[in-house]
Structures are given as C-alpha cells and as structure tokens.
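This is what each chain is made of:
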Amino acid sequence: MKIIRSIFLVVLLFGIGYFLFKVGSDKDKFVPTLISVDSVYKFPNVKGPMDSTVIAPTHRTSWKKYADGESYGVAILLLDTNDNSNWLGLVHTFKTFGIPFRIYTNVDSALKHDVVYVYPYINGAMDRTALAKLTNFPQKGGTLIAQCVEGVLNPVFGFNSMITTNKNFSAQIADTNNPLLKEFTDRKERKIMFADPELFKESEGTYGYSGLMGNPLMVYPNGQAFLTERDFKGGGRAFAFGINIGYYALVCEGGRTLQAWRSYVNSYEPSLDVLIRIIKNIYTSSSKTAITLGTVPNNKRLTVCITHDIDYSRAMINSMDYAKLEKSKNVTATYFIQTKYIKDYNDDDFYNDSAVGILRFLDSAKMEIASHSISHSRQYMDFPLGKGNERYPSYHPVVKSPKLTTGGTVLGELRVSKFLLENFIKNQPIVSFRPGYLAYPPSLPQALQATGYKYGSDLTANSVLTQMPYQLNYDNSYDEELPVFEFPITIEDRELPEMDKRLDSAVAVAYKISKYGGFWCTLIHPDILGFKYKFEEGFIDRIHDIAYICSMREFADWWVMRNNVHYFVRKNTNGYELHINTPVAIDNLTFFVPAEWTCTSASQTIKQTGNAVLVKNVTNGMTINFAAK
Ligand SMILES: [Zn+2]
C-alpha cells in the first residue's frame, strides 16, 4: 500500500509541476483562457439600438417659468436672479412638499400675498424703498420669511446682531412647544445636521442671530439663533432662517453634503425635510386660504416601493418567488435587471434565453422591469460619457477586477440595457435605472433623459437628507432642471443583523416617514429567499393599512403628474372655490384644506375626511366648492 501511495504522490507532484510549467511558460495557452472569460452571449438576430443618443447642451432654467399664473400660495420674492442664487432648490422642495407658490421680482406684487419668502438674502445694500415696504409688511398682518438676514431689517425679525460662520455643524429645536414645531418629536428631527463635525473642520456657511426680542425657535450649539420669530400685534409675523435653504436643498439632493447624515442607510434622516415642513407650517398657519397638495396617492400616509436588484445568476431565478409573493399580496414591485451578456470577472453572462423567460414572467405578473446596467461596475461613476452609438452586441464593457473595467461608457450602460430589456418584453417601457453599487456619474441626470429614462434610484435617502423623491438637475448641479426624478433608497439588505431581525426598526422608520407623507424604498437582492423573503412578507403585512405600495414607475408616473398640477383659491358668496389646472388627468390626489372648510361639491369622486379632500379623478379646469365657517 505504501508503495502504491508513493507512486501516486510522485505522479501527482509531477503532474502539478508540469501544469505549472506549461501555464508559466506557454503564454499562448494562457491567453485564450482569459479571452474566453469575457465571452458574449449572442441572441440571434438581435442588434441595437440603431438610433443614436445626443445629449443637449445645458440651458439654464429661467425663473420666469414659475412667475406666471394666479397670485396664490407663498410669494417667493426673488431679489437675485443670477446664476448662483440657487432658487431652484427652494422651488423643487416647495413642489415636493405641495406648497403652492409663485415667483416675483417686483416687491409690490409679492406683498399682495399673505406669506412672502424673500430669497436669497436681505441686507443693507438693498433698495431703501423696498426695505421700507418689507418692514411694513408684517406690521400690517403679513407673514415674512427670510434667510441670511443682515442689516437694517434685523429688528423686524426680532434680533440685534448677526454673525456669519462656517463653524455651525447643526441646529436644534429650542421651543418644542411652539405650534410650528411641536410635531417634531424625534431626536433626529429636533436636531438637524449641516456637516459631520468629526470629518470636517468647517461646515456650510450659516448666519447666527443674537440679541433676540423673544425666544429663538432653533439654535446652534453656540447658543446663537438659527431660526427667529417675531410676532406683531395685528397677527403679522417675521421669521429668519440662518442658512440659504435653496442652496442647502441642492447640496443635499446632489449628494454633496459634508457627510451630514448620521447613518448612511437603514434609518431615518430628515434634516432637509424638517426645514421645509417648518415653512409649510408657517404657510398653513398664516394664510386663511392655504391649501397644500398631498404627497401620497389615495390619501395614504406613506408610499412604499419594494425594489429588487438582479445582479447575480441565481437572483434571476429567485425573482419569480418574490414576484409570486408580491402578487399574492396584491402589490407590484420593481425589478432592476442587469442585462449581463458578457461573462467576466464578476459573473456568468446570465442575461440569456432563460433569463428572458423569467423577464416575461415578471412582465406578465405586472411587475416593473427596470435597468440595473450591463457591467455593474464600481467604476461607473468614472466611465467616459460615450459617443451615444453603443450597440448590442458590439458594446463590450468588461469588469476585469474590482478596480478595473474596460470598454464601458455612461451612455452605453443606459441605452444598450434599455434596448435589451425592451427587445424582449412588449407590455411596458423601461424608464427606471439604478447603477451597480449606486455608483453615480455626475452626467447621469442628462444621460438618463437623453436615453429615454425618467426615474433614477441611485442614492440612499439618508445621504441626501430627505425622505422624499425629488427632481434632478443637469450635472446634478444648480442651474437647469430636467424632467427626471430621483427615488432614494431607505432600507437595504446587506447590513447586519439579517433583514428579518431588522423588521421592527424598518417598520419604525416607515412610521416616522408616514408622519409627513414621505417615501420609503427598500432594496432586496433576490440572491436568496430565506430571511429577505421573510422580511418582505412581514413588512407588507405590517404596513399595508397605512401605505400605498406599488412599483417605482407607478408612483413616479403619479408623482410627475402631481408635479404639474396648479391650483388657486377664489372667494365667493358662500365660501371658497378651488380651481385646478392639470395638463393630464390624475387619480387619487389629496388636497389639504383649512380645518373649518367643508366640501360642498356633490360628487362621488370627491371625499373629504377631516381636512383631507381626496379627489379620485382630477381633470383640467375642475372646480371644487367649499363652505367655510
Ligand atoms: Zn447591484
């Protein structure tokens, strides 16, 4: 036996030695092995897309776009219309939260409104006559909101002096009983963040107010006021914020904060939302005709989107079980599918004929099919933009290692994956995209638009400090809005403990977001069933009653229609009329009206519950009547 074992060992060692010698010495033999690693899965007779993608050059959005229509809602008095005033940030957050507004550059016209937001600053260099008019406004009963206040109007806002500094990393609610602030009961609502003090020496630029006539509403850690309020005898009020909220909103939404979030994902981070909710509260408590637009379809308390990333061969098969679960719960979900037709370092070329069969199953189950790129590369954020003529099967991005991908372009990943999905399913367009590893190139918004996408889910909600969807700008920057929207991720499946053990905390986050009609999105990779499946099943059951649960596209389509709804209020002899203009009819939209209003329009499609008026089918030119006590 010993001899046989010895002979076997000698043969084995010789064999290994010969193998190493061949691989080490014979490069021709070694190289073909590498080439076969990035082979292409070829669908017969499939080639495209045949058109080309062209990205339009940037064109600054004019403030005039928001300067017409009826005089209703908050008047934004825009005193600086130049490139750097960041007013788009204010406008987008107002639209998100359903605060009606109109922009003015003329002081007299703006002051006809009940509530005026002076943007982006008030200082002593301004026209004296304009300053005098603004001074009089709250004294006559108006509500004046401003930010970055410095100079002769300081007393109007109830403070003596102001110091600018970039050393304020947070602001805390000081007056927790104030009617405008008492809804903020969570620790992360009561303290909002501008930057992480452990990572940065300097924060965003802030204005700290001191020498106050009354109590501050919010303060910085150094005791200076971040938000002041002065009340006037005739009911007028004046508020001063210590940061440029439009700028801050765009910094947040562009994912460019100084890492101001307290945790990256799987928790609640409302810093931006708190500011806009305060403005909303100021508006609704200052105007007798204030109506705001609901943020959730069908007057539910929050919107829930369940999304799956299919970036692994086994996940493709498991996705059918998730879809069956969702169908049995009567909800739809979104499946971001990696159209992986190239075998490389990451995985097999699993986007093949059998994947197409599964795709058709998901499609017939009414699930949203979306793109999760082709290469799923960590370097996507650094990919070149591309020529816009990338086509299957010649487009050839190859992941060589975690640090190297060759042949990929921003446009190629978008247009070729969309083509390959749409080529095999006929019931739906591909309009949503999520990059692998949430790797986000700055050109993504305009690249999405140019390739026919409308929605991205590319960031975590915490990293953008908002639990709401929002409109994207060109280059993720400040100047041009695009018809493309972001739907950030709240909860993911990789962090420990395993998801099913995080169910309570995920439900708790959902309830916090539901307080103001926010958006809750989860990412579940169907690489396994087990604890992830259990989480999803449990979450749907526990949140079902209060949430509108649907695919991202369904909610996003609704969100875009809502984004284009305009309305205003007129007084008549019996009460008030709500006039609605909308380019397209929209279902299940809620208007929040003053508490003492009662809807008198007899219609089966209009239902009032408290101050919420749910309209089943909103059409252009619609008028709804209210009696007011
Ligand atoms: Zn992925």
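Residues numbered from 1 in each chain as written. Predicted model: local features only at pLDDT ≥ 70, side-chain atom pairs only at ≥ 80, totals over all residues. Heavy atoms only, no water.

Colleague: Could you clarify how one ought to interpret the coordination of the zinc ion in this entry?
Modeller: Reference geometry at the metal: tetrahedral coordination by four donors gives ideal angles of 109.5 degrees; octahedral coordination by six donors gives 90 or 180 degrees. Protein ligation of the zinc ion involves D311 (OD), H372 (NE2) and H376 (NE2), the donor distances falling in the range 2.0 to 2.1 Å. Mapped onto the sequence, the donors of the zinc ion take the spacing D-x60-H-x3-H. Accessibility expressed as a relative area gives 1% for H372, which makes it buried. For H376, a relative accessible area of 8% gives the class buried. (Donors = N, O, S within 2.8 Å, 3.2 Å for Na, K, Ca; no water. Buried < 20%, exposed > 50% of the residue type's maximum accessible area, 1.4 Å probe, protein only.)

Colleague: Could you clarify how one ought to interpret helix α8 (residues 271-286) in this entry?
Modeller: Along an α-helix, a turn takes 3.6 residues, which lines up residues three or four apart on a common side. With 16 residues, α8 extends 23 Å between its outermost C-alpha atoms, agreeing within 8% with the 22 Å of an ideal straight helix rising 1.5 Å per residue. The element α8 is largely enclosed, with a buried count of 14 among its 16 residues. (Helix = DSSP H or I, 4+ residues; strand = E, 2+ residues; numbered from the N terminus. Expected span 1.5 Å × (residues − 1).)

Colleague: Just checking my understanding: could you explain the confidence of the model for the chain for this structure?
Modeller: Atomic detail in the predicted coordinates should be set aside for any region of low pLDDT. Averaged over all residues, the pLDDT of the chain equals 93, while 94% of them reach at least 70. In this model, residues 1-36 is a region of pLDDT below 50 whose contacts with residues beyond four sequence positions or in other chains number 5 contacts. (pLDDT = per-residue confidence, 0-100. Contact = heavy atoms within 4.5 Å.)

Colleague: Just to check I follow, could you spell out the sheet that holds strand β14 (residues 292-293) for this structure?
Modeller: Strand pairing in a sheet relies on backbone hydrogen bonds, with the paired strands running either antiparallel or parallel. The strand order β14-β28-β31-β30 describes an open sheet built from 4 strands, whose pairing is antiparallel. The sheet is open, and its two edges are formed by β14 and β30 (606-609), each paired on a single side. In this sheet, strand β31 (residues 612-618) lies alongside strand β28 (residues 586-592) in antiparallel orientation, the contact comprising 6 bridges. Residue pairing in the sheet places I586 in a bridge with V618 of β31. Running at roughly 55 degrees to β28, helix α15 (residues 552-563) makes contact with β14 and β28 of the sheet. (Pairing = 2+ DSSP bridges. Axes fitted to C-alpha atoms, helices over the stretch in contact; angles between N-to-C directions.)

Colleague: It is not clear to me how the environment of Y440 should be interpreted in this structure. Could you clarify?
Modeller: Position of Y440 among the secondary structure elements: in the loop between β20 (432-433) and α12 (444-450). For Y440, a relative accessible area of 13% gives the class buried. On a C-alpha basis, the gap between Y440 and R378 in space is 9.5 Å, while along the polypeptide they are 62 residues apart. Beyond its immediate chain neighbours, meaning those up to four positions away, Y440 contacts M381, P445, D458, L459, L472, N476 and E486. Of the polar contacts made by the side chain of Y440, one reaches the side chain of N476; its length is 3.1 Å. (Polar contact = N/O pair within 3.5 Å; in protein donor to acceptor, adjacent residues only side chain to side chain.)

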